[in-house]
Amino acid sequence: MEVSLCSKELDKLFPKGRKAYIHSFGCQQNVSDGEHISGIVQALGFSFTDEEDDAELIIYNTCAVRETAETKVLGHIGALKALKQRKKNMLIIICGCMTQRKEMQERIKKSYPFVDIVFGTNNLKLIPRLISRRLSEGKRIFHSDIGTQIEEGLPIVREDSFKAYLPIMQGCDNFCSYCIVPYVKGREMSRRPQDIIDEAEALVKNGCREITLLGTNVNSYGKKEGYDFPKLLKAIDELDGDFFLSFMTSHPKDCTKELIDVVAQSRHICHHLHLPVQSGSNEILKRMNRSYTVEKYLSLIDYARSKMADVSFSSDIIVGFPNESDKDFADTLSLIEKVRYNALFTFIYSKRSGTPAAIMEDEITHREKAVRMNRLLKIQQRISHELNSEKVGRQEKVLFDSYDSENRLAVGRTGANILTLSQTDTDVTGKMCLVTIKEAMSAQIKGVIDIIY
Ligand code: 5AD
Ligand code: SF4
């Protein structure tokens, strides 16, 4: 009803047709939400454009996890001023984690008067209603309530047909002391297992070759509702077909041996665990409110290795948490040497107002933090190179996602998410292939395709 009403109003405003430009900043969860935004916008009669200049509707789906993410979004919003002056009827919507923060809504209200609609998280279904209100009432709209229910049944336009993000839960109850996510995404909520399994089954039937189950903390899946993550994984793994199954993000405090056993015994689940450790210092972990110790973390890594000889790991690390000492940082480097991750996602600590860490004393300069980050990255580069070099001569299963016919170059990723290049005359986009690795660098491997499935 709301969709058809809104479409009629949009028909009047844009009688010659309408295009939308949608951009999601930040994490995979946002990319997934962006696919639902596209679905809703398509139902409202928009087609899509990659050029902001060409659009009648611009939507930025924003991120708040670090200050740099917000600065980037604000820069993009500022650049729309001139465009809106030229195209008076154009609609600009800003949504997502950044605009769930009251102070950011206020800032947009004051400094960016050309923005039409602002809303936060878990409220995508409101888009048609908010557009209708903007058009009929003429006032700018600032919706600040966080959605408190999982949004089921939203339309979707996926970015790829052969790989898919599949959200299973949202929100976070952990309140790590540095993190803004629990404040902007709200409490943990899980989708029903059967809804997820049905969606996974339909994806595989339609030729999808990679499913990534998404959640802020997938290991908490169903804790409140009485469901169980290992059981869900197992059920999806039992689907027939040739596909990679992976999941992110896992919190080490909730990652169980049972879960690792399911991965080890599976048919489709990649032998890869993204297990964000954040720091290798017990003192810092305590102040981060992470609820595990380095020893407990390493025992999980050892257990996974004992069950899967070929398992690989990746992690998130925060460098320069308030008053991180030289010794704390040395402990992080030592942990990295022990685990030997095949990839790391590294961040310099960013102060987020409203979080407990924001009022912690911090005497470490930004310059010192940057020096530490460079040291860490150098060590990680060496380790990634060493691990990739061990793959030379071995076969890896790779899902290719693009092909450059001019250079005869196919680009894809292994189940452990390692960038893989292959010279071939065949366009293997969307195909699962067996590749013999011939050359290794720190950030990618190169190989020859033996079998195309
Ligand atoms: N500063 C730096 N990095 C952060 N992360 C979350 N909050 C912050 C912050 N305030 C990182 C963590 C998390 C990843 C998604 O972002 O490493 O795992
Ligand atoms: Fe943030 Fe911690 Fe929740 Fe992850 S588990 S989203 S780091 S509060």
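The paragraphs below set out a description of the structure included in this document.

Cut-offs and rules
Residues numbered from 1 in each chain as written. Chains lettered and ligands numbered in written order. Predicted model: local features only at pLDDT ≥ 70, side-chain atom pairs only at ≥ 80, totals over all residues. Heavy atoms only, no water. Pairing = 2+ DSSP bridges. Helix = DSSP H or I, 4+ residues; strand = E, 2+ residues; numbered from the N terminus. Contact = heavy atoms within 4.5 Å. Axes fitted to C-alpha atoms, helices over the stretch in contact; angles between N-to-C directions. Near = heavy atom within 4 Å. Nonpolar A, V, L, I, M, F, W, Y, C, P; charged D, E, K, R; others polar. Polar contact = N/O pair within 3.5 Å; in protein donor to acceptor, adjacent residues only side chain to side chain. Areas by Shrake-Rupley, 256 points an atom, 1.4 Å probe, with all protein chains shown as cover.

Focus: the sheet that holds strand β2 (residues 47-48)
Across a sheet, paired strands are connected by hydrogen bonds in the backbone, their directions being either parallel or antiparallel. Here we have six strands laid out as an open sheet, ordered β2-β1-β3-β4-β5-β6, and parallel in their pairing. The two strands at the open ends of the sheet, each matched to only one other strand, are β2 and β6 (141-143). Two elements, strand β4 (residues 91-96) and strand β5 (residues 117-119), share two bridges in a ladder whose sense is parallel. Across the sheet, the residue bridging to Ile93 is Ile117, located in β5. Strands in contact with helix α5 (residues 102-111) are β4, β5 and β6; relative to β6, the strand with the most contacts, it is inclined by about 175°. Against the sheet, helix α6 (residues 127-137) engages β4, β5 and β6, with an angle of about 145° to β5.

Thoughts on the site of ligand 2
Around ligand 2 sit Cys172, Asn174, Phe175, Cys176, Tyr178, Cys179, Val181, Pro182, Thr216, His251 and Arg290, and those are all the residues in its vicinity. When the residues that make up the shell around ligand 2 are grouped by side-chain class, the tally is seven nonpolar, three polar and one charged.

Side note on the site of ligand 1
Around ligand 1 sit Val65, Arg66, Tyr178, Gln278, Asp316, Ile318, Phe347, Ile348, Tyr349, Ser350 and Arg352, and those are all the residues in its vicinity. In this structure, Arg66 approaches ligand 1 through a side-chain N or O atom, which is 2.9 Å from an oxygen atom. One of the backbone N or O atoms of Tyr178 is found 3.1 Å from a nitrogen atom in ligand 1. Bound to the protein, ligand 1 loses 85% of the 400 Å² it would expose on its own. Sorting the residues of the shell around ligand 1 by element identifies β13 (312-319) and β14 (343-348) as the ones contributing at least two each. When its residues are assigned to classes, the shell around ligand 1 shows six nonpolar, two polar and three charged.

Some words on the sheet that holds strand β19 (residues 445-452)
Pairing in this closed barrel of five strands is mixed, and the strands run β15-β16-β17-β19-β18 around the ring. Averaged over all adjacent pairs, the angle separating strand axes in this sheet is 50°, with direction ignored. The sheet contact formed by strand β16 (residues 409-414) and strand β17 (residues 419-423) spans five bridges and is antiparallel. The partner of Arg413 across the bridge, within β17, is Leu419.

That is the geometry; function is a separate question.
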